[in-house]
Structure formats: structure tokens, C-alpha cells
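The lines below spell out each chain.
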Amino acid sequence: MIVTTTPSVEGRQIVEYRGVVVGEAILGANVFRDIFASITDIVGGRSGAYEKSLAEARDTAIRELEDRARAAGGTAVVGVDLDYEVINNMLMVSASGTAVVLS
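This text gives an overview of the structure that appears in the document. This structure is a prediction, so every number in the text was calculated from the model and none was measured. Within every chain, residues take consecutive numbers counted from 1 along the sequence as written. Only residues with pLDDT of 70 or above have their local features reported here, since the model is predicted, and side-chain atom pairs are shown and tallied only from 80 upward, although totals for entire chains, interfaces and linings are computed over all residues. Heavy atoms throughout the structure, all of them, feed into the side-chain values; hydrogens and water do not.

**Quick look at the pattern of salt bridges**
Quick reminder of the rule: Salt bridge criterion: a side-chain nitrogen from Lys or Arg within 4 Å of a carboxyl oxygen from Asp or Glu. Each residue gets one of three labels from its accessible area relative to the maximum for its type: buried under 20%, exposed over 50%, partly exposed in between, using a 1.4 Å probe on protein chains only. Helix and strand definitions follow DSSP, with helices as H or I runs of at least four residues and strands as E runs of at least two, each counted in order from the N terminus.
Under the criterion given, the structure shown has three salt bridges. Between Arg-18 and Glu-16 there is a salt bridge, with the nearest N and O atoms lying 3.1 Å from each other. Taking relative accessible area as the criterion, Glu-16 reaches 36% and is therefore assigned partly exposed. The partner of Asp-67 in a salt bridge is Arg-70, and the shortest N-O contact between them spans 3.4 Å. Here Asp-67 and its partner Arg-70 are both found in helix 2 (residues 48-71), three residues apart, which amounts to about one turn of the helix. What makes Arg-70 partly exposed here is its relative accessible area of 45%.

The following block contains the structure:
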């Protein structure tokens, strides 16, 4: 399935709109990961643990978005927007877009 942030897919025509679809992922913060991330922040560098969690949450949200687009009869999702929030020490990633049928 094509998933794109653009409003169209080059070389393909949108023949039907199937509606807005959303995928979300919420990951709890791990106490040990937080401690090691704090140490990394103090001495400098990147926090690999947080980067990995962020990538997992993003992938989960996009997979859920694709599943909901398929369920709506779509063959692609256009206009995708990714949002990141921290809620009560948990990371939430939300992916939204429009399910469409391409020719």
C-alpha cells in the first residue's frame, strides 16, 4: 500500500475517496531506559533507547493506518500527517490521512 504525505500519487489517479483513517500507538516509558537516557543527556550524545521506541511507535501507527485504510476499501493513503505527544510519561504517535482508491 502506498502511504504518502503528498495529496496525490504521481502517475496515478485518485478515483475514489474512502474517508479519513487514523492509526495510533502509545508506548509506556521504561524506568531503566529513562535513567540511561538521563545519563546520555548529561554527557551528551543521542539516546538510542528513545530513538528505538520512537521508531517502533511510528511504525505501529503507520501499520494501523494501513490496516484501517484496507478495511475502508482503500489502496493508498494520501496526505499523511504524523503527530507526536507525551501524555503522562507515555509516548503517543498518531498517523492520519485519507484512504483513497488509485487507478
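From this point, the narrative continues.
**Side note on the nonpolar core**
This is how the line gets drawn: By nonpolar core we mean a set of buried residues, namely Ala, Val, Leu, Ile, Met, Phe, Trp, Tyr and Cys, connected to one another through side-chain atoms within 4.5 Å.
By size, the foremost hydrophobic cluster in this structure holds twelve residues: Val-21, Ala-25, Ala-57, Ala-61, Leu-65, Ala-69, Val-77, Val-80, Leu-91, Val-93, Ala-95 and Ala-99. Taken together, the elements giving at least two residues each to this core come down to strand 2 (14-28), helix 2, strand 3 (76-87) and strand 4 (90-102). Counting residues in hydrophobic clusters, the runner-up holds six residues, among them Ile-14, Ala-76, Val-100 and Leu-102.

**Side note on the environment of Asp-59**
Within the secondary structure, Asp-59 is located in helix 2. The class for Asp-59 is partly exposed, based on a relative accessible area of 41%. With 34 residues separating them along the chain, Asp-59 and Val-93 place their C-alpha atoms 9.3 Å apart.

**Thoughts on the environment of Tyr-50**
Here Tyr-50 shows up in helix 2. Given the relative accessible area of 36%, Tyr-50 is considered partly exposed. Here the alpha-carbon distance between Tyr-50 and Leu-91, two residues 41 residues apart in the chain, equals 9.8 Å.

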